[in-house]
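Understanding the architecture of this molecule
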Amino acid sequence: MTDKLIAVITGGGTGIGEATSRLMLEEGYEVISVGLHKPDWSHKNFTSLICDLLDEGETVSLATQIAENHNVTHFVHNAGAIRQKPLSDVRLEDLRDLTNLHATSALIFTQAFTRGMKERKFGRIIFNSSRAQLGLQSRSAYSYSKAGIVGMARTWALELAPHGITVNVLAPGPILTDNFWDLVEKDSPEQDAYASKVPVGRLGEPEDVANAILFFADPKNGFITGQNLFVCGGLSIFSG
């Protein structure tokens, strides 16, 4: 294993991705964020690269470029979109777009980075899925694509384990990010009502997920792979 830890984080400039980037920077990582927009913050060890992950060719090109120029030790696939629609309104392009964003880009980056990880006999790959993988109203494309990456991660965990590479998944519940506020008005009675339904009595903060990501990312945690950890305040087990 190299002494230098280099993490590529999709969507690493805002929300859960930003929280993860900042925690990793505090721990001495070099962080490369990949996203649609340049973040409004900076750090001496933080690099922001622009890429539309819906564009397969653009994604392949950037993944290849990063792999050629950096010894990537960690890949965190965090970027995501929801596309909330009832069944009657779901379009085939919703399935295609979220497949590209959540699954295809995960495959492209993982293939690019695992070549070097295998040579160095070390790697940490972490995917952000969602509690919606269990099913959630008006989330057809989202639930399908977020559930799909769990299956991929478990498969890759088995294939990559002999090479010192772990692959794990986080499944966040309701987290206070722009994605959440796109669906629920910020600081509204609806937000308070949503929080009251969570067993721990509050909605999640980006740092709640970032802390779990850092656990899976730790070089010392090489005996944990193929796992799907819900970070949801208990909602995944609560039926009330």
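Report follows, based on the coordinates. The shown structure was predicted, so the numbers you read here are calculated from the model rather than taken from an experiment. (Residues numbered from 1 in each chain as written. Predicted model: local features only at pLDDT ≥ 70, side-chain atom pairs only at ≥ 80, totals over all residues. Heavy atoms only, no water.)

All told, the structure shown has 7 aromatic pairs when counted by the stated rule. Ring plane angle 25° and centroid distance 4.2 Å describe the contact between W41 and F46, whose orientation is recorded as stacked. Judged by its relative accessible area of 11%, W41 falls in the buried class. With 5.7 Å between their ring centres and 35° between their planes, F109 and F113 make a pair best called tilted. Taken together, the residues F109 and F113, both in helix 3 (residues 92-120) and 4 residues apart, mark about one turn of the helix. With a relative accessible area of 3%, F113 lands in the buried category. Taken together, F75, F109, F113, F127 and W156 form an aromatic cluster joined through their ring pairs. Its end group placed over the ring of W41, R22 keeps NZ or CZ at 4.1 Å from the ring centre. (Phe/Tyr/Trp six-rings, centres within 6.5 Å; stacked < 30°, edge-to-face > 60°. Buried < 20%, exposed > 50% of the residue type's maximum accessible area, 1.4 Å probe, protein only. Helix = DSSP H or I, 4+ residues; strand = E, 2+ residues; numbered from the N terminus. Lys NZ or Arg CZ within 6 Å of the ring centre and 35° of its normal.)

On to the sheet that holds strand 4 (residues 74-77). Across the sheet, which stays open at both edges, the 7 strands sit in the order 3-2-1-4-5-6-7 with parallel pairing between neighbours. Looking at the sheet topology across the chains shown, the edges are occupied by strand 3 (46-50) and strand 7 (228-231). Taking the axes of each pair of neighbouring strands and ignoring which way they run, one obtains an average angle of 20° across the sheet. Direction of pairing for strand 4 relative to strand 5 (residues 123-128): parallel, over a ladder of 4 bridges. Each residue of the ladder has a partner; that of F75, found in strand 5, is I125. (Pairing = 2+ DSSP bridges. Axes fitted to C-alpha atoms, helices over the stretch in contact; angles between N-to-C directions.)

Time to look at the packing of helix 3 against helix 4 (residues 140-160). As a packed pair, helix 3 and helix 4 sit with axes 9 Å apart at the nearest point and diverge in direction by 20°. Overall, the two elements helix 3 and helix 4 adopt an arrangement that is roughly parallel. Here helix 3 runs over helix 4; the crossing is right-handed. Note on element contacts: helix 4 touches helix 3 through A141, Y142, Y144, S145, K146, I149, M152, W156 and L160, opposite D94, L95, L98, T99, H102, A103, A106, L107, T110, T114 and K118. (Parallel < 35°, antiparallel > 145°, perpendicular 65-115°, else oblique. Left-handed = near helix turned anticlockwise from the far one by under 90°. Contact = heavy atoms within 4.5 Å.)

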